[in-house]
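# Structural overview for review
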Amino acid sequence: GANSILRHRNEYIWVATYNGLFVFDGMQLKKAKIEGENIVLRGNAYVQLYEDSLQRLWVTSESNGLLVKNRDKWVQYRKEHGLPSNSVRCVHQVDK
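Numbers given to residues run from 1 along each chain, matching the order in which its sequence is written. For a predicted model such as this one, the threshold for reporting local features is a pLDDT of at least 70, and the threshold for listing and counting side-chain atom pairs is 80 or more; totals across whole chains, interfaces and linings nevertheless cover every residue. Note: side-chain values were computed over all heavy atoms of the structure, leaving out hydrogens and water.

### Things to note about the pairing of strand β3 (residues 20-24)
Should DSSP find at least two bridges between two strands, the strands are regarded as paired. Secondary structure elements are defined from DSSP: runs of H or I of at least 4 residues count as helices, runs of E of at least 2 residues count as strands, and each element is numbered from the N terminus. Bridge analysis of strand β2 (residues 13-17) against β3 gives five bridges, and the strand direction is antiparallel. Of the residues in β3, the one forming a bridge with T17 is G20. Linkage of β2 to β3, two consecutive antiparallel strands, is achieved through a turn of two residues. Relative to strand β4 (residues 29-31), β3 is paired through three bridges, and the arrangement is antiparallel. Pairing of F24 across the sheet is with L29, part of β4. Linking β3 back to β4 in an antiparallel pair, the connection comprises four residues, with G26 at a positive phi of about 100°.

Written out as structure tokens, the structure is:
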């Protein structure tokens, strides 16, 4: 089942599951490609999806830390980047 479903402003629908991250483009549902420099994926369990005010997609996971998609580029934050753990269950935006 789905852990989190998000309709992004780009009109794609993202689905986080314990079996992967999926994206629906209006025609078909397919597994998202999470690729980029220094991206290390150690599992398939994705928990929460969030879109911030800059239209970046934030994806929490049980073993991959925090993933952020800004347009077509993915960035990953893990324990070695300062997170307390590679298991991230939720994320939200705090206004300054």
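### Considerations on the side chain of N86
Relative to the helices and strands, N86 is located in the segment after β8 (73-77). Among the polar contacts made by the side chain of N86, one reaches the main-chain amide nitrogen of K79 at a distance of 2.7 Å. Ignoring any residue separated from it by four or fewer positions in sequence, one finds N86 in contact with R42, S61, E62, S63, N64, G65, R78 and K79. We define a polar contact as two N or O atoms separated by no more than 3.5 Å, with the added condition that, inside protein, one atom must be a possible hydrogen donor and the other a possible acceptor, whereas residues neighbouring each other in sequence contribute only through side-chain atom pairs. Only heavy atoms matter for contacts: two residues are in contact if any of them lie within 4.5 Å across the pair.

### Here we look at the sheet that holds strand β5 (residues 46-51)
Pairing is antiparallel in the open sheet, where four strands are placed in the order β5-β6-β7-β8. Since the sheet does not close on itself, it has two edges, and those belong to β5 and β8, each with one partner. For this sheet, the mean inter-axis angle between neighbouring strands, taken without regard to orientation, is 20°. Of the strand pairs in this sheet, β5 and strand β6 (residues 57-61) are connected by four bridges, and their pairing is antiparallel. Pairing of L49 across the sheet is with V59, part of β6. Only the stretch in contact is used when fitting a helix axis, every axis being a line fitted to C-alpha atoms; angles between N-to-C directions are given from 0 to 180 degrees.

### Let's talk about unusual backbone geometry
Of note, N38 is a non-glycine position whose phi angle comes to about 65°, a positive value. Burial status follows relative accessibility: with a 1.4 Å probe on protein chains alone, a residue under 20% of its type maximum counts as buried, one over 50% as exposed, and anything between as partly exposed. By relative accessible area, which is 58% here, N38 ends up exposed. If you check the backbone angles, R71 has positive phi at about 60° while not being a glycine. Considering the arrangement of structural elements, one finds R71 in the loop between β7 (66-70) and β8. Under the relative-accessibility criterion, R71 is labelled exposed at 71%.

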